[in-house]
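If you want the building blocks of each chain, they are given just below.
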Amino acid sequence: MLEQLGINAKQVAQELVGVTTQQKNDALVEIADALILRANEIIGANKIDLENGRASGLNSGLLDRLMLNEERIKGMANGCREVSLLDDPSGKVLEEVVRPNGLVIRKVSCPMGVIGIIYEARPNVTADAAALCLKSGNAVILRGGKEAINSNIAIADIMRDAVQKAGLPKDAIQLVTDTSRASSTELMTMKGVLDCLIPRGGKNLIKAVVENSTVPVIETGSGNCHIFVDESADVNMAADIIFNAKTQRISVCNACESLVIHSKIIEKALPVIKARLDEKNVEIRGDERAVSVCPDIKKATEEDFATEYLDYIISVKTVDSLDEAISHINKNSTGHSEAIITENENNARQFMARIDSSSVYHNASTRFTDGGEFGLGAEIGISTQKLHARGPMGLPQLTTTKYLIFGNGQVR
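The structure displayed is predicted, hence computed values, not measured ones. Throughout this document, residue positions are counted from 1 along each chain, in the order its sequence is written. The model is predicted, so local features are restricted to residues of pLDDT at least 70 and side-chain atom pairs to those at 80 or more, both for listing and for counting; the totals for chains, interfaces and linings are taken over all residues. Excluding hydrogens and water, the side-chain figures rest on all heavy atoms present in the structure.

### Thoughts on the overall build of the protein chain
So, step 1. Here a strand is any run of E in DSSP of at least two residues, a helix any run of H or I of at least four, and the numbering for each starts at the N terminus. Looking only at helices and strands, one finds 14 helices and 16 strands in the protein chain.
So, step 2. Radius of gyration (C-alpha) of the protein chain: 23 Å, near the 22 Å computed for a compact globule of 412 residues.
So, step 3. C-alpha atoms of the protein chain, sized along the principal axes, occupy 75 × 60 × 35 Å.
So, step 4. Expressed as a percentage of the 412 residues in the protein chain, the buried residues total 54%.
So, step 5. Pairs of residues are marked as contacts when any of their non-hydrogen atoms sit within 4.5 Å. In the protein chain, 73% of the contacts between residues at least 6 apart in sequence involve partners at least 24 apart.
So, step 6. On the protein chain, roughly 17900 Å² of surface is accessible, and the fraction owed to carbon and sulfur atoms is 48%. What the globule rule says is 2.2 Å times the number of residues to the power 0.38, and the radius of gyration is computed from C-alpha atoms. Only protein chains enter the accessibility calculation, which uses a 1.4 Å probe; a residue whose area is less than 20% of its type maximum is buried, one above 50% is exposed, and one in between is partly exposed. Here the Shrake-Rupley method, with its probe set to 1.4 Å, supplies the accessible areas, and only the displayed protein chains count as covering residues.

This is the structure we're talking about:
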């Protein structure tokens, strides 16, 4: 089913190795201009996806992920422009040594080759992923979910036309239009064609790819992100940060899902935090001590403390020490992003050192775990694994390395 896409991608990957940085940058600017110029086409296609999504019962969080408007399309275009301004990650000399026998050995960065990306109801991923793959010199095969198929087709067609107009092969960007489970399974087994497969979406999708793929996988994780309100926290700061982390956009993986509050401050802090969250009608599910402080919140179950809601819901766990907070978070976290709100620098240092997640914050919102916010341009995903890449994945994480060895007749 996907054989021809694979043949195209392998051929294009070889061509992209010889493309200059300027050519890639010109193509990215062409893409950005085309996304803005043809925004109405994208919005029209997206309306069909939204109508289908509502009819099929998608929740508000998924509909928010799915929705595109002029502002979000401008964001996609700006992401392409920002990527064009970043350093080319390929062809860099990372190390160089001269051996006693005269051999000069250089370790250089180079494209992976062909990257496959499986994702769900976020059509902006189509543009972000394609832009990063193009700049890093990789061909990409994109396989989005059925919820966003019309949006994805519109975006991919526009990008392919722009790439071709810029003088590069349009098959540098290819989209799988078959959204059946069979196409996803086939992509997972294209070993020898795909050099890397990256899943972006919910935990069920990620689990399926990790467990069934014969292609090397970079695991991007779901986000049960925690914020710990330490006993020395500035309560108003904590409320502001939690309000932002929970409510600015509920459908994203860096939104806060779980609060952990020190017992010495909970009577002072929780009512203030609740008052802010009430502005957005956030449902709070707390343990017994949290409920005793705010009797009108719901009683939490153990499952709540490990849940990524992607909704206006948040859990609250009460702890008696920093050690207990760290233990609770490491047990229930998905390894994405956690934060501590504290005025105690020693507690902050301990928390940041001992929390086993890709991004750990002191007195700041978890919503900053994002490639653009980290200065990486767009992002391919947030890796929660520890091999090859961890945290927001930008251009450097889409390259690998090889050694170039220069001699003048040496034999061993």
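### Points about the environment of Val193
So, step 1. Relative to the assigned elements, Val193 resides in the loop between helix H8 (181–188) and strand S6 (196–200).
So, step 2. For the pair Val193 and Val114, spaced 79 residues apart in the sequence, the C-alpha separation amounts to 7.0 Å.

### Quick notes on the nonpolar core
Note on soluble globular proteins: their nonpolar side chains tend to be buried together.
So, step 1. Throughout this description, the term nonpolar core refers to a set of buried Ala, Val, Leu, Ile, Met, Phe, Trp, Tyr and Cys residues connected via side-chain atoms within 4.5 Å. The biggest cluster of nonpolar side chains holds 69 residues, and the ones touching the most others in it are Ile31, Leu35, Ile117, Leu134, Leu142, Ile198 and Ile380.
So, step 2. Beyond its immediate stretch of four places on either side in the chain, Leu142 contacts Ile117, Tyr119, Thr126, Ala129, Ala130, Ile173, Gln174, Leu175 and Val176.

### Some thoughts on the sheet that holds strand S9 (residues 283–286)
So, step 1. Two strands qualify as a pair provided DSSP detects at least 2 bridges between them. In spatial order, the strands read S10-S9-S11-S8-S7-S12-S13; together these seven strands make up an open sheet with parallel pairing. If you trace the sheet from one side to the other, it starts and ends with strand S10 (298–299) and strand S13 (359–362), each paired once.
So, step 2. Of the pairings in the sheet, the one linking S9 to S10 comprises two bridges and is parallel in character. Each residue of the ladder has a partner; that of Gly286, found in S10, is Lys299.
So, step 3. Packing of helix H11 (residues 266–278) onto the sheet brings it into contact with strand S7 (225–229), strand S8 (256–262), S9 and strand S11 (313–319), and relative to S8 it is tilted by some 155°.
So, step 4. Its contacts with the sheet put helix H13 (residues 322–332) on S7, S8, S11 and strand S12 (337–341), and the angle it makes with S7 is roughly 170°. Note on geometry: axes are lines fitted to C-alpha atoms, helical ones only across the stretch in contact, with angles between N-to-C directions running from 0 to 180 degrees.

### Re the packing of helix H2 (residues 21–37) against helix H5 (residues 70–85)
For any two helices packed against each other, one specifies the crossing angle of their axes together with the interaxial distance.
So, step 1. Interaxial distance between H2 and H5 falls to 8 Å at its minimum, and their mutual angle equals 170°. Judged by the inter-axis angle, H2 sits roughly antiparallel to H5. Along its contact with H2, which presents Asn25, Leu28, Val29, Ile31, Ala32, Asp33, Leu35 and Ile36, the element H5 presents Ile73, Lys74, Met76, Ala77, Cys80, Arg81, Val83 and Ser84.
So, step 2. When residues are grouped by polarity, Ala, Val, Leu, Ile, Met, Phe, Trp, Tyr, Cys and Pro land in nonpolar, Asp, Glu, Lys and Arg in charged, and all others, Gly among them, in polar. Within the contact of H2 with H5, the residues separate by chemical class into 11 nonpolar, two polar and three charged. Working rule for angles: under 35 degrees goes down as roughly parallel, over 145 as roughly antiparallel, 65 to 115 as roughly perpendicular, anything else as oblique.

### Points about the packing of H2 against helix H7 (residues 149–165)
So, step 1. Two elements in contact, H2 and H7, have axes whose closest approach is 8 Å; the angle formed by their N-to-C orientations is 135°. Accordingly, the angle class assigned to the pair H2 and H7 is oblique. The two elements H2 and H7 meet at a crossing, and its hand is right-handed. Only Ile155, Ile158, Met159, Ala162, Val163 and Lys165 of H7 make contact with H2, whose side of the interface consists of Glu30, Ile31, Ala34 and Leu35. If you view the pair so one helix is near and one far, a crossing is left-handed when the near helix is turned anticlockwise from the far one by less than a right angle, and right-handed when it is turned clockwise.

### Examining the sheet that holds strand S4 (residues 139–143)
So, step 1. Taken in spatial order, the four strands of this open sheet run S5-S4-S3-S6, and their pairing is parallel. Only two strands of the sheet have a single partner each, and these edge strands are strand S5 (173–175) and S6. Across this sheet, the average inter-strand angle for adjacent strands is 20°, counted without regard to direction.
So, step 2. Pairing between strand S3 (residues 114–119) and S6: five bridges, direction parallel. By the bridge assignment for S6, Ile117 is matched with Ile198.
So, step 3. Across the face of the sheet, helix H1 (residues 3–16) comes into contact with S3, S4 and S5 while running at roughly 150° to S4.

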